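# Chain and residue survey
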Amino acid sequence: MKVGFIGLGSMGLPMVQRIRSEGHELTLYARRPASLAPFAGTEVTIAATPADLGAAVQAVGICVFDAAGVEEVMFGPDGLVNTLRPGTVVLVHSTVSPEQVRQIARRAAEFGLRVLDAPVSGGSPRALAGELTIMVGGAAEALADVADLLSTLSNQVVHLGGIGAGSHAKLINNTLFAAQIALADGAMKAGESLGVDPAGLAAVLGTGSSACVASGVRLRAGSMAALAGSTAGVTLTKDVELMAGLLDDAPGSELVDVARHFVTAVQRG
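Computed from a predicted structure; not experimentally measured. (Residues numbered from 1 in each chain as written. Predicted model: local features only at pLDDT ≥ 70, side-chain atom pairs only at ≥ 80, totals over all residues. Heavy atoms only, no water.)

## Overview of the overall build of the chain
When helices and strands are counted, the chain shows twelve helices and nine strands. Taking the principal axes of its C-alpha atoms as reference, the chain extends roughly 65 × 45 × 30 Å. When burial is assessed residue by residue, the chain has 48% of its 269 residues classed as buried. Summarising the internal contacts of the chain: among those between residues at least 6 apart in sequence, 66% fall at separations of at least 24. (Helix = DSSP H or I, 4+ residues; strand = E, 2+ residues; numbered from the N terminus. Buried < 20%, exposed > 50% of the residue type's maximum accessible area, 1.4 Å probe, protein only. Contact = heavy atoms within 4.5 Å.)

## Section: the side chain of Ser 35
Along the chain, Ser 35 falls in the loop between strand S2 (25–29) and strand S3 (45–46). A distance of 2.7 Å separates the side chain of Ser 35 from the backbone oxygen of Arg 32, its partner in a polar contact. Non-local contacts of Ser 35, meaning those with residues more than four positions away in its chain, are made with Leu 8 and Ala 30. (Polar contact = N/O pair within 3.5 Å; in protein donor to acceptor, adjacent residues only side chain to side chain.)

## Structural notes on empty space enclosed by the protein
Evaluated as defined, the whole model comprises one cavity of 30 Å³ or more. Along its surface, the largest cavity is lined by Val 3, Phe 5, Ile 19, Gly 61, Leu 91, His 93, Leu 149, Leu 150 and Leu 153. At the level of secondary structure, the elements contributing two or more residues to the lining of the largest cavity comprise strand S1 (2–6) and helix H7 (147–153). (1 Å grid on protein atoms, 1.4 Å probe; cavity = no way out; pocket = protein on both sides within 12 Å on 5 of 7 lines; lining within 4 Å. Points joined across faces, edges and corners; volume = space filled by probe spheres on them.)

## Structural notes on the pairing of strand S4 (residues 59–62)
Burial along S4 is two-sided: the residues Ala 59 and Gly 61 and Val 60 and Ile 62 are all buried. Looking at chain direction, S1 and S4 are connected through four bridges and run parallel. In the strand pairing of S4, Phe 5 is matched with Gly 61. Across four bridges, the pairing between S4 and strand S5 (residues 89–92) is parallel. Bridge pairing in S5 links Gly 61 to Leu 91. Remark: the S4/helix H3 (residues 67–75)/S5 crossover connection has right-handed handedness. (Pairing = 2+ DSSP bridges. Right-handed = clockwise from strand over helix to strand, strands pointing away.)

## What to know about the layout of surface pockets
Vacant regions in the atomic arrangement are exposed by a probe of water-molecule size rolled over the atoms. Taken as a whole, the largest pocket holds about 1200 Å³ of empty space. Along the wall of the largest pocket there are 40 residues; nearest its centre are Ser 10, Met 11, Lys 170, Thr 231 and Thr 235. Elements represented by at least two residues in the lining of the largest pocket include exactly strand S7 (120–121), helix H5 (123–129), helix H8 (165–193), helix H10 (213–221) and helix H11 (231–247). Element by element, the count of residues in the lining of the largest pocket is highest for H11, at seven residues. Here the lining of the largest pocket is built from residues that sort into 17 nonpolar, 17 polar and six charged. (Nonpolar A, V, L, I, M, F, W, Y, C, P; charged D, E, K, R; others polar.)

## Details of the packing of H8 against H10
Packing of H8 against H10 brings their axes to within 8 Å, and their N-to-C directions diverge by 50°. By the angle between their axes, H8 is oblique relative to H10. Crossing hand, H8 versus H10: right-handed. Contact with H8, carried on its side by Phe 177, Gln 180, Ile 181, Ala 184, Asp 185 and Met 188, involves Val 213, Ala 214, Ser 215, Val 217, Arg 218 and Leu 219 of H10 and no other residues of that element. (Axes fitted to C-alpha atoms, helices over the stretch in contact; angles between N-to-C directions. Parallel < 35°, antiparallel > 145°, perpendicular 65-115°, else oblique. Left-handed = near helix turned anticlockwise from the far one by under 90°.)

## Looking at the packing of helix H4 (residues 98–109) against H8
Remark: H4 packs on H8, axes separated minimally by 8 Å, with the N-to-C direction vectors making an angle of 155°. On the basis of the axis angle, H4 is roughly antiparallel to H8. In the packing of H4 onto H8, the handedness of the crossing is right-handed. For the pair formed by H4 and H8, the contact residues are Pro 98, Val 101 and Arg 102 on the first element and Ser 167, His 168 and Leu 171 on the second.

## Things to note about the environment of Ser 210
As for its placement among the helices and strands, Ser 210 is situated in the loop between helix H9 (198–207) and H10. Taking the C-alpha atoms as reference points, Ser 210 and Cys 63, 147 residues apart in sequence, are found 32 Å from one another. Non-local contacts of Ser 210, meaning those with residues more than four positions away in its chain, are made with Leu 205 and Ser 215.

## Quick look at the packing of aromatic side chains
In the structure shown here, the tally under the stated rule is zero aromatic pairs. Lying across the ring of Phe 75, Arg 107 places its NZ or CZ 3.9 Å from the centre. Sitting over the face of the ring of Phe 65, Lys 238 holds its NZ or CZ atom 5.1 Å from the ring centroid. (Phe/Tyr/Trp six-rings, centres within 6.5 Å; stacked < 30°, edge-to-face > 60°. Lys NZ or Arg CZ within 6 Å of the ring centre and 35° of its normal.)

Encoded structure:
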């Protein structure tokens, strides 16, 4: 398949490397030319603008930081909508709010394009291995048309409903992740209050029944301050605030309350 991809950050880069390894014909665009360095001298095509990319592909993946970035590469002066063929599927892998991706889908539909929100989870090693979890919202027919492409990236593609449903699931997942980091930090503080050896307690929490990916992030970091300014800190802060705007005081808002301990700690540094 002729695949376009925009956004070569900590998740986008390994996703592209995986797509390439599976034999798809790739065209890439990046706002930062340095992020294209891994593909110098390869068969990968580098586009000068998103519009140039759109003219060459059958499907597009977008993995930029936020909704503003998605809108820029989609609808800007040199945006994808200027050249993508009607019917093309645009996969929004970025973590954005459900309403933001619905607005993007509505605007794209005016150009005959089909948008799926398809945020991912699993990190770089699982992306390279094709073992991401992909949460999809949008039309089943559009998903079927890119199923082979997504299968190169994931052994767990979950169709959750209409456009925005994938973003709901991703925000819940990331808010839970932030809450788990905060709880692991609370556990280490409880140990300190009780005089428990911190290195020994970290070993227990990292291997005992409470162990999880998120608690491991806190235990390896050594402190919440160490996460301040990190990719995880910046990304999870954004996602917790998006989630807070969706729930207010609805059932489940307790999850946001716990996750905000993470946000407060990393912002304090």
